[in-house]
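In case you want the letters, here they are:
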Amino acid sequence: MNFSIRLKKASLVVAIIFGVMAMSLKPLLAQEIKADAETKAAPAGTTAAPAAVPAEDKPTGDVTIAAMSRYLWRGYELSRHSVVVQPSITVAYKGFSANLWGNLDTKPYFPGAADPNYAGTWNETDFTLSYSRTLGMLNAGGGYIYYGLGALNKDGPKRADAQELFVTASLNTILSPTLTVYKEIGSYQNWYFLLGVSHLFELNQRFALKLEATAGYLLSTYADAARFNAGAGYGGYPRFDGNALATDEKFSNFHDGKVTLSLPVKLTSHLSLTPSLSWIVALSDDARNEMKGQGLKGTAAPSDRDSSFIVGGVTVSFSF
């Protein structure tokens, strides 16, 4: 039964990826036919207009703010029944970029029967430094992320901060296949491999439709059930048993899958609005048990917690 469920989920992800591929091939072929026709129609002896001279290199950036129905990260439930606000600012120059990102939980979750009605809590600040460059069809890069993690509510434990090094590579071709490898070098000690595909359909000059699908694999190099159960995330990434309880075994399996549909709207040359809807699901029995065990505690037993989620929201971005 478990194998059948995994097979059905894998088939669904594959179907979505091939569906995106089929939809994206049509406009690609149409563009090639149009370009070929224009080439044949051009008078003999004419040449293409010279490319525009690029503007002088200067820093670029964007300021973004997102309002989401909940905060999910790599399949982990980090908020419940609460809108989260996530501002971000990025500055880039000649391949180098720096990003500052944060999370504000407007109504932090409390696991007890009595709700203390917590005020909004700023519980995460992340800083990313990266470098990337393009070599023909290949985009490659890498960087460093520092995750400043606070308590999820004022009565919760202060979570251990995390640090990651990462490398990424993508192809400038159909579906933009991308592989990113993360290595946590702080308290959590794990590898995380993320494979993704995406395609943007230009509907007109203002509207577009974007489809994305990702699949993650988690490889833990440290697990301590006793330290994990003590809270604050110091037990690494243990494997969880069928009751969603931590063990001393290290987690090593396919982890979370995510499918996102978004509708970017270009309001001006610098301002955009993007509503989105995502479905996040466990990709293995181990992941299902672990996502339940790592999820927000409540009155239900760990094995009764959720391991699949729907997240919706809207993002406003100003580029400069």
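Summary of the structure given here. On a predicted model such as this, the values are computed, not experimentally measured, just so you know.

1. Quick word on the overall build of the protein
Part 1 of the argument: On a plain count of helices and strands, the protein comes out with 3 helices and 17 strands.
Part 2 of the argument: By residue count, 37% of the 320 residues in the protein fall in the buried class.
Part 3 of the argument: Considering only contacts within the protein whose residues lie at least 6 apart along the sequence, 55% involve residues at least 24 apart.
Part 4 of the argument: Approximately 17,800 Å² of the protein is accessible, and the part contributed by carbon and sulfur atoms is 64%.

2. A look at the pairing of strand β4 (residues 84–93)
Part 1 of the argument: Of the strand pairs in this sheet, strand β1 (residues 60–68) and β4 are connected by 9 bridges, and their pairing is antiparallel. Bridge pairing in β4 links Ala-66 to Gln-86.
Part 2 of the argument: Counting the residues in the hairpin turn of β4 and strand β5 (residues 96–105) gives 2 residues, including Lys-94, whose phi is positive at 50°.

3. What about the packing of aromatic side chains?
Part 1 of the argument: Taken as a whole and assessed by the stated rule, the structure comprises 12 aromatic pairs.
Part 2 of the argument: Residues Tyr-188 and Tyr-237 carry aromatic rings whose centres are separated by 6.0 Å and whose planes lie at 50° to one another, so their mutual orientation is tilted. Placement of the pair is Tyr-188 in the loop between β9 (178–184) and β10 (190–202) and Tyr-237 in the loop between α2 (225–229) and β12 (238–240), with a sequence separation of 49 residues.
Part 3 of the argument: Note on Tyr-217 and Phe-254: the rings are 5.1 Å apart at their centroids and 85° apart in plane angle, and the pair reads as edge-to-face. Here the residue Tyr-217 occupies a position in strand β11 (residues 208–220), and Phe-254 occupies one in strand β14 (residues 252–262), the gap between them amounting to 37 residues.

4. Points about the nonpolar core
Part 1 of the argument: With 26 residues, the main nonpolar core has Tyr-188 and Leu-218 as its most contacted residues.
Part 2 of the argument: For this core, the secondary structure elements donating two or more residues are β1, β7 (138–149), β8 (162–171), β16 (271–282), α3 (285–294) and β17 (308–319).
Part 3 of the argument: Looking at this core element by element, the count peaks at 3 residues for β7.
Part 4 of the argument: The contacts of Leu-218, once residues within four sequence positions are left out, are Tyr-76, Asn-190, Trp-191, Tyr-192, Tyr-237, Phe-251, Ser-252, Asn-253, His-255 and Glu-290.

5. Looking at unusual backbone geometry
Trans peptide bonds make up the majority, and among non-glycine residues the majority have a negative phi.
Part 1 of the argument: Of note, Lys-94 is a non-glycine position whose phi angle comes to about 50°, a positive value.
Part 2 of the argument: Note on placement: Lys-94 falls in the loop between β4 and β5.
Part 3 of the argument: With relative accessibility at 54%, the residue Lys-94 sits in the exposed group.
Part 4 of the argument: Positioned with a positive phi, Gln-189 is a non-glycine residue whose angle comes to about 50°.
Part 5 of the argument: Within the fold, Gln-189 resides in the loop between β9 and β10.

6. Focus on the pairing of β16
Part 1 of the argument: In this structure, β14 lies alongside β16, joined through 7 bridges in antiparallel fashion. Of the residues in β16, the one forming a bridge with Ser-262 is Ser-276.
Part 2 of the argument: For strand β15 (residues 265–266) and β16, the ladder comprises 2 bridges, and the chain directions are antiparallel. Counted as the bridge partner of Val-265 is Leu-273 from β16.
Part 3 of the argument: Here β15 folds back onto β16 in antiparallel fashion, the turn holding 4 residues.
Part 4 of the argument: Sheet topology note: the β16/β17 ladder contains 11 bridges and is antiparallel. The residue of β17 that forms the bridge with Ser-276 is Gly-313.

Reading guide: rules and limits
Residues numbered from 1 in each chain as written. Predicted model: local features only at pLDDT ≥ 70, side-chain atom pairs only at ≥ 80, totals over all residues. Heavy atoms only, no water. Helix = DSSP H or I, 4+ residues; strand = E, 2+ residues; numbered from the N terminus. Buried < 20%, exposed > 50% of the residue type's maximum accessible area, 1.4 Å probe, protein only. Contact = heavy atoms within 4.5 Å. Areas by Shrake-Rupley, 256 points an atom, 1.4 Å probe, with all protein chains shown as cover. Pairing = 2+ DSSP bridges. Phe/Tyr/Trp six-rings, centres within 6.5 Å; stacked < 30°, edge-to-face > 60°. Core = buried A, V, L, I, M, F, W, Y, C linked by side-chain atoms within 4.5 Å.

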